[in-house]
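Listed below, chain by chain, are the residues.
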Amino acid sequence: MKILVYNRKNSEVWTSAVRKAFPDADVRHWVEEECHDWLADYAVIWQPPASFFLQQTQLKAVFNQGVGVDSLVNLGSLPVDLPVFKLRGVGMEEYMSDYVTYGLLHFYRDFDLYRQQQSDVLWQQHNIDQKSDWTVGILGMGVIGKAVAKAVSALGFPVIGWSRTEKQIEGVESVSGDEGLEHLLKHSRVLVSLLPSTPATRKLLNQKTLEKLPRDSVLINGGRGDVIDMEALQQVLESGHMRGAMLDVFEVEPLDKNHPLWKNSRVIITPHIAAPTPIEQALEQIVADVAGIEQGEMPPAIDKSLGY
Ligand code: GLV
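What you are looking at is a predicted structure, and each value in this text was computed from that prediction instead of being measured.

Each assigned domain of the chain is listed here: domain 1 (2-89 + 277-294) and domain 2 (92-269). Each of domain 1 and domain 2 has a C-alpha centre, and the two are 32 Å apart. Tallying the contact residues gives 11 residues for domain 1 and 8 residues for domain 2. Of the roughly 680 Å² buried where domain 1 meets domain 2, counting both sides, 60% is carbon and sulfur surface. There are 1 salt bridge connecting domain 1 and domain 2. Close ionic contact of Asp 70 with Arg 224 constitutes a salt bridge, the shortest N to O distance being 3.0 Å. For the side of domain 1 that touches domain 2, the residue count by class is 4 nonpolar, 5 polar and 2 charged.

Right, here's the structure in full:
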């Protein structure tokens with residue numbers, strides 16, 4: 001079995017981890033010039049260039065080293081009939097739950113105000129709200145969204161979850177469609193986006209939708225950056241309609257050094273660290289998936305027309 005590995009930033013680590021996980025396979029790091037005559041059966045990749053699929057024409061399946069598959073689906077050269085598998089959980093749901101919980105508690109317990117007060121050398125106490133007044137609306141209820149819903153619900157916050165198809169999740173008000181979105185926006189003090197980047201989600205959070213949130217609401221984005229119209233977000237923050245935001249992902253990463261949000265004291269910016277891939281756990285899933293494929297049992301592949 002021949003396996004190719006590609007990861008622009010972290011190739012050595014991934015290649016040696018794949019070698020360890022597949023001790024009987026011939027594993028190589030993809031370098032375009034060196035692989036013309038070396039066509040692999042499987043690929044374990046992250047953000048390859050378009051030429052990868054033009055060259056690698058014998059692949060049986062592709063494994064994405066993360067959850068979001070936008071960089072593959074948007075390539076243009078990805079063959080329509082080539083099965084693509086994304087990571088399903090593998091511990092990233094726990095990382096994301098921690099990230100969202102941090103952001104939620106930051107705003108709910110007024111740490112944004114206390115940070116500002118500290119820089120103003122001001123001793124002033126604020127009352128603690130009822131958790132029931134801080135409904136958390138989660139956009140995207142896949143493996144990660146469900147885990148986040150469970151975590152914040154366990155803390156006592158009401159949760160509404162929006163997904164393309166309605167899900168039954170204990171303790172979560174599950175909604176879908178335009179009406180469901182409208183309902184969620186109207187009631188969410190904290191809006192959490194865990195949406196993938198697809199034609200249906202791009203700029204979904206714009207002036208019109210953000211203004212539907214209650215006054216003083218906050219946004220946490222751990223999904224993909226292009227779901228948010230950043231100018232609209234800045235406007236609703238400036239107008240005082242929204243209180244703050246915690247953003248981990250951006251349409252262009254790294255976020256431009258001159259972007260005004262860097263200096264906005266009501267915004268927490270993190271460099272796409274909410275839920276990194278735990279490589280060993282990811283490879284356990286990939287090894288099991290390859291074994292399934294070899295035995296004629298296809299694991300759940302992504303739907304390229306939906307983009308996730
Ligand atoms: C990270 O952004 C991922 O898609 O796994």
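Here the narrative resumes, following the displayed structure.
On the secondary structure map, Ala 154 appears in helix H6 (residues 143-154). Classification of Ala 154 as exposed rests on a relative accessible area of 68%. Residues Ala 154 and Gly 171 lie 17 residues apart in sequence; the distance between their C-alpha atoms is 8.9 Å.

Taken together, Trp 46, Gly 66, Val 67, Gly 68, Met 92, Arg 224 and His 272 make up the full set of residues adjacent to the ligand. Separating an oxygen atom of the ligand from a side-chain N or O atom of His 272 is a distance of 2.6 Å. Contact with the protein chains covers 87% of the free accessible surface of the ligand, which is 190 Å². Taken together, the residues of the shell around the ligand break down into 3 nonpolar, 3 polar and 1 charged.

Relative to each other, helix H4 (residues 92-108) and H6 sit at 45°, their axes nearing to 8 Å. In this view, H4 runs oblique relative to H6, as classed from their interaxial angle. Relative to H6, the crossing made by H4 is right-handed. Every residue of H6 that contacts H4 at Met 92, Glu 93, Met 96, Ser 97, Val 100, Thr 101 and Leu 104 is listed here: Val 143, Ile 144, Ala 147, Val 148, Ala 151 and Val 152.

Pairing is parallel in the open sheet, where 5 strands are placed in the order S2-S1-S3-S4-S5. Every interior strand has two partners, whereas the edge strands, strand S2 (26-29) and strand S5 (84-85), have only one. As paired elements, strand S1 (residues 2-7) and S2 share 4 bridges and run parallel to each other. Each bridged residue has a counterpart across the sheet, and for Ile 3 the counterpart in S2 is Val 27.

Moving on, we get to helix H10 (residues 279-294). Over its 16 residues, H10 extends 22 Å from the first C-alpha to the last, a length consistent with the 22 Å expected when each residue adds 1.5 Å. If you check which residues of H10 are buried, you get Ile 279, Ala 282, Leu 283, Gln 285, Ile 286, Asp 289, Val 290, Gly 292 and Ile 293. Phi for Gly 296, located one or two positions after H10, is positive at around 85°.

Taking burial as the measure, the 5 residues of strand S3 (residues 42-46) include 5 buried ones, the bulk of the element. On S3, burial covers both faces: Tyr 42, Val 44 and Trp 46 on one face and Ala 43 and Ile 45 on the other are all buried. Relative to S3, S1 is paired through 5 bridges, and the arrangement is parallel. Counted as the bridge partner of Asn 7 is Trp 46 from S3.

A separate point is the nonpolar core. Generally speaking, nonpolar side chains in soluble globular proteins are found buried as a group. Counting residues in hydrophobic clusters, the biggest one holds 49 residues, and the most contacted among them are Val 18, Phe 63, Met 96 and Ile 138. Counting residues per element, this core draws most heavily on H4, which supplies 7 residues. Taken domain by domain, the makeup of this core includes at least three residues from each of domain 1 (2-89 + 277-294) and domain 2 (92-269). Judged by nonpolar contacts, the second largest core, of 29 residues, contains Trp 162, Leu 213, Val 227 and Val 236.

Conventions we followed
- Residues numbered from 1 in each chain as written.
- Predicted model: local features only at pLDDT ≥ 70, side-chain atom pairs only at ≥ 80, totals over all residues.
- Heavy atoms only, no water.
- Domains from an automatic or database assignment.
- Contact = heavy atoms within 4.5 Å.
- Buried area = accessible area lost by both parts, 1.4 Å probe.
- Salt bridge = Lys/Arg side-chain N within 4 Å of Asp/Glu carboxyl O.
- Nonpolar A, V, L, I, M, F, W, Y, C, P; charged D, E, K, R; others polar.
- Helix = DSSP H or I, 4+ residues; strand = E, 2+ residues; numbered from the N terminus.
- Buried < 20%, exposed > 50% of the residue type's maximum accessible area, 1.4 Å probe, protein only.
- Near = heavy atom within 4 Å.
- Polar contact = N/O pair within 3.5 Å; in protein donor to acceptor, adjacent residues only side chain to side chain.
- Areas by Shrake-Rupley, 256 points an atom, 1.4 Å probe, with all protein chains shown as cover.
- Axes fitted to C-alpha atoms, helices over the stretch in contact; angles between N-to-C directions.
- Parallel < 35°, antiparallel > 145°, perpendicular 65-115°, else oblique.
- Left-handed = near helix turned anticlockwise from the far one by under 90°.
- Pairing = 2+ DSSP bridges.
- Expected span 1.5 Å × (residues − 1).
- Core = buried A, V, L, I, M, F, W, Y, C linked by side-chain atoms within 4.5 Å.

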